[in-house]
Amino acid sequence: MKHRRIGAIAALIAFGVVAASCGGDSTTTTAAAPSTTAAPSTTAAEAPSTTTAVVTTAAAMSEEPVKVALIIGSPRNDLGWSQAGYEGVKVLEEEGLIDLEVVEALEFETSAVRRVLTPLLDEGFDLIIAHSFSYGDAVMEVAPEYPDVAFAWAGGFGGTAENVADYDQPFHEASYLAGILAGGVSETGVLGGTAGFDIPVCHAMLEGFVLGAREVNPGASLISTYIGSWVDVALTKEAVLAQAEQGADMFVTCGVDAGTIEGARESGGGVLGYVVDQSSLAPENIFGSMVWNLSETFRLMAQDVRAGTFTPAKFYSVGLADNGLYVKLNDGFGKDIPADAMAKYEEVLAQVQAGEFEIPFVAAE
Amino acid sequence: MDWAAVLGAGALIPLLNAGIRLAMPTGLAAVGEALCQRAGVLNLSLEGILLSGALGSFLGAYYSGQAWIGVIAGVGLGVAVAALMALLSVTFKTEQVINGIVIVLLAGGATSLAYEKLFGVTTTPPRFDTLPSLKIPLLGSIPGVGAVLFDQNALVYISILAVGAVWWVLYRTRFGLSVRAVGERPDAADAAGVNVDRIRWCALLVSGVMGGLGGAVLIVAQLGLFRDNITAGRGWVAIALVIFGRWSPLRVMGGALLFGITDALQLRIQAAGGGVETGVPFELFQALPYIVTIAVVVAATAWARDDAQPKSLGFPYEKEAGTRED
C-alpha cells in the first residue's frame with residue numbers, strides 16, 4: 001500500500017509539472033508584455049505627463065493605448081498563422097497604439113476557450129482578438145455578456161455580431177499573383193499544392209495559384225494533395241516528393257509549409273513561402289513569400305475601438321490592394337523568372353491596386 | 001487517371017523508398033513497444049518518447065553539427081522519458097495507462113517550451129542538412145532491389161539492425177526468456193528467481209532506446225528541423241501496430257512497412273488522380289493506410305485463433321502479501 005500511495009503522489013507531481021509548464025509559459029508572457037510600455041503601471045491621469053509624452057511627440061499618442069489581448073492557438077514562433085498574428089499586434093505595440101498581452105490557448109473546445117477568455121474580460125481589455133477560426137463558438141457565446149468589450153475572430157467569411165468583428169484571409173489573391181511567376185518559371189507546366197485540410201481558404205489559395213499560372217501558360221495544371229494534418233511535416237514532405245515524381249516543379253502551400261519547403265528543396269523545385277517571409281528557409285528554392293501583414297487589419301480595429309466606432313462590428317477585409325497581404329520576392333531564387341511573366345505580374349498587381357481587377361475566389365464544388 | 005505514374009516500373013522504386021522512410025520512425029518505436037509489452041508493461045508514453053527523441057536529436061545534431069551526436073542525444077532523451085515511465089509504473093506500481101498519458105502530455109508541453117525558449121520567435125528557424133544516402137558497394141548496384149534496400153542513409157541500416165537485435169534478444173537470450181515469462185506469469189517468474197521489476201525496467205529502457213532512435217531517424221535522416229508535435233501521433237500508430245503484429249517484433253515491423261507503403265501509395269494516387277477535383281473525398285485517401293492495416297489485423301486474428309496478448313499486460317506486479325520482505 002505504501003508503494004501505491006507514493007506512486008499516486010509521484011503521478012500527481014508529474015501532472016503538476018505539466019500544468020506548470022503550460023501555465024508558466026503564459027504567466028511569463030503576462031509579465032514580459034507590459035514591461036515594454038510603461039503606461040499600465042501608471043494611472044490614467046499620470047500617463048500623458050510622464051512616460052508617453054516624453055517618448056513620442058505624435059498628437060495621436062496623447063490618447064491612451066488600446067488594451068489588446070491576442071489569443072493564439074499555436075506557439076507564437078510557429079512561423080505561420082500564429083506568428084503572423086503575433087507580429088501584426090507587435091508592430092502596433094511598438095508604435096504605442098496598443099498595450100499587448102498574448103495568450104497561447106492550445107485547446108479549441110468552447111469551454112476551454114471560455115476559461116482563457118474570462119480572466120481577460122475581468123482585467124478590462126478593450127479589444128480581444130481570437131486569432132483562430134476555431135475560437136468562433138466561444139467568442140460568440142461570451143460576447144453578448146460583455147457588450148463593452150470589442151471582440152474579433154478569424155472567421156474569414158463575414159461572421160460578425162454586434163461587438164464581434166471578423167477578419168478576412170484573402171490568401172488566394174497573393175497566390176494568384178505569385179502563380180503568374182510560377183507559371184513562367186515552371187518547365188513542366190505542372191504545379192503542386194499542399195494543404196492540411198480542404199477548407200475554403202486553402203482550396204481557393206491552391207486553385208488561385210494555377211489560375212495565375214494560366215495567365216502566362218494556358219496549359220498549366222495543378223496537382224493538389226490534402227495531408228489530413230497541419231503538423232505532420234514528414235508526411236507533407238513525402239507528398240511533395242510524390243508530386244515532383246509526377247512532374248510538379250513549382251509549389252504552393254496552405255498551412256503545411258515546413259514539409260512543403262523541405263520537399264521543394266529536395267526535389268529542386270520552387271516554392272511560395274507561406275504567411276511570413278520564409279526565404280531564409282530555402283534561399284535557392286523560395287521564389288517569393290506570401291506575407292500576411294495583419295498589422296493593417298488590427299490597426300483598423302484598434303482605431304475603431306479608440307474612436308468608439310467599433311460597433312456594430314464589421315468584416316475587416318484587407319487584401320492585396322490595401323497592403324493587408326503582399327508578395328515578397330526573393331532575389332536569391334535559383335532560377336530565372338522570365339521577363340514576360342514578371343511584366344504580367346506587375347500588370348496584374350497594378351490592376352488589383354487600382355481596383356480594376358478582382359482576383360477570383362474558387363470555392364470547392 | 002494515369003496508373004503508370006503510381007504503379008509503373010519507374011514509379012515502384014520511389015514508392016517503396018518513400019514507404020520505408022514513412023515506416024521507419026513508427027516501426028522502430030513499435031518494435032521497442034512490442035518488447036516492452038511482452039514484459040507486461042503497456043507503455044502508452046511512446047508518443048512522448050518519440051517526441052523527446054526528436055527534440056533531443058535535433059538539439060544534439062544542431063549544436064554539435066554532428067548527426068551521430070544527434071542520434072545519441074535523441075536516444076538518451078528517449079531513454080530518460082522511458083525511465084520516468086518505469087519509475088512510475090514499475091517502481092511505484094501506479095496505473096500504467098494514466099502514467100503513459102500524463103507523460104505524453106508532459107513531453108508535448110516540455111518540448112514546445114524548450115524549443116521556444118531556446119530559439120524564440122524567428123523567421124529563420126534553425127535547420128541542418130539531413131544524412132546523405134550511403135550506397136553499399138556492389139549490393140547497391142543491383143537493379144531495383146539495390147536502390148530500395150542498399151541505397152539508404154546509414155541510419156536506416158542501423159535501424160534494421162536494431163529491429164533484428166530486438167528480435168534476437170527476445171527469442172534467443174536468457175533475458176528475452178525472462179521478458180516473456182514476466183509478461184505472462186510474473187508470479188511464476190518470480191518464484192523461479194527472476195527479478196520482475198528489474199526485467200520490466202530493462203524492457204522499458206529498450207523501448208526508450210527504440211523510440212528515441214525513431215525520433216532521431218525522423219529528424220536526423222529525414223527533416224533536419226523541429227516543430228511542435230512533429231511526431232504527429234506516430235507513437236499511437238506504433239502502439240496499434242504492436243497489436244497488428246501480435247506482439248512479434250518482425251511482424252510488427254512488417255505492419256509498419258505495410259502502413260508506410262500504403263501511406264506513400266495514397267499520396268501518389270491522390271496526386272495522379274486529380275485529388276479533390278475527382279469528387280472523391282480526400283479523407284478517403286488518408287484513411288487508406290488505416291483501412292488496410294485494420295483489414296490485415298482482422299484477417300490475421302481470425303486466422304491465428306490463439307490469443308497472443310501477454311496475459312499480465314497492463315498489471316503492475318506485487319508479490320503475494322505473505323512473501324513480502326517488508
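A.B. asks: What is the right way to look at the sheet that holds strand β11 (residues 315-316) of chain A in this model?
C.D. replies: Sheet strands associate in pairs through backbone hydrogen bonding, adopting either a parallel or an antiparallel arrangement. All names here are of chain A. On the basis of which strands lie adjacent, the open sheet formed by six strands has the order β2-β1-β3-β4-β5-β11 and parallel pairing. Here the strands that pair on one side only, and so sit at the sheet edges, are β2 (98-104) and β11. Set on the sheet, helix α3 (residues 81-95) makes contact with β1 (66-72), β2 and β3 (127-130); between it and β2 the angle comes to about 160 degrees.

A.B. asks: Would you mind going over the packing of helix α12 (residues 249-272) of chain B against helix α13 (residues 282-304) of chain B with me for this structure?
C.D. replies: Packed helices, taken two at a time, are described by the angle their axes make and the gap between the axes. Residues and elements named next belong to chain B. Viewed as axis vectors pointing N to C, α12 and α13 meet at an angle of 155 degrees, and their least axial separation amounts to 9 Å. Viewed along their axes, α12 and α13 adopt a mutual orientation that is roughly antiparallel. For the crossing formed where α12 meets α13, the hand is right-handed. Listed contacts from α13 to L258, F259, T262, D263, Q266, I269 and Q270 of α12 are F282, F285, Q286, L288, P289, Y290, V292, T293 and V296. The class makeup of the residues in the contact of α12 with α13 is ten nonpolar, five polar and one charged.

A.B. asks: Explain the pattern of salt bridges to me, please; I cannot follow it from the model alone.
C.D. replies: Between side chains of opposite charge, a pair can form as their charged atoms come close. Residue and element names in this part refer to chain A. Per the stated rule, a full pass over the model turns up 21 salt bridges over all chains. Residue E95 pairs with R299 through a salt bridge whose shortest N-O separation is 2.5 Å. Of this pair, E95 sits in helix α3 while R299 sits in helix α10 (residues 294-307); the two residues are 204 residues apart in sequence, bridging distant segments of the chain. Its relative accessible area of 40% is what places E95 among the partly exposed residues. K314 is the partner of D304 in a salt bridge, and the nearest nitrogen-oxygen pair spans 3.1 Å.

A.B. asks: When you look at the state of the cysteines in this model, what are you seeing that I'm missing?
C.D. replies: Here a disulfide denotes a covalent bond joining the sulfur atom of one cysteine to the sulfur atom of another. Residue and element names in this part refer to chain A. Scanning all chains against the criterion turns up one disulfide over all chains. A disulfide bridge connects C202 with C254, and the sulfur atoms are separated by 2.1 Å. Looking down the S-S bond of the C202 and C254 bridge, the torsion is -65 degrees, so its handedness is left-handed. In this pair, C202 sits in helix α7 (residues 200-213) while C254 sits in strand β8 (residues 250-254), placing the two residues 52 residues apart along the sequence. C254 matches C202 in its accessibility class, with the two residues each being buried.

The rules we used
- Residues numbered from 1 in each chain as written.
- Chains lettered and ligands numbered in written order.
- Predicted model: local features only at pLDDT ≥ 70, side-chain atom pairs only at ≥ 80, totals over all residues.
- Heavy atoms only, no water.
- Pairing = 2+ DSSP bridges.
- Helix = DSSP H or I, 4+ residues; strand = E, 2+ residues; numbered from the N terminus.
- Contact = heavy atoms within 4.5 Å.
- Axes fitted to C-alpha atoms, helices over the stretch in contact; angles between N-to-C directions.
- Parallel < 35°, antiparallel > 145°, perpendicular 65-115°, else oblique.
- Left-handed = near helix turned anticlockwise from the far one by under 90°.
- Nonpolar A, V, L, I, M, F, W, Y, C, P; charged D, E, K, R; others polar.
- Salt bridge = Lys/Arg side-chain N within 4 Å of Asp/Glu carboxyl O.
- Buried < 20%, exposed > 50% of the residue type's maximum accessible area, 1.4 Å probe, protein only.
- Disulfide = S-S within 2.5 Å.

Honestly, it's all geometry; don't read function into it.
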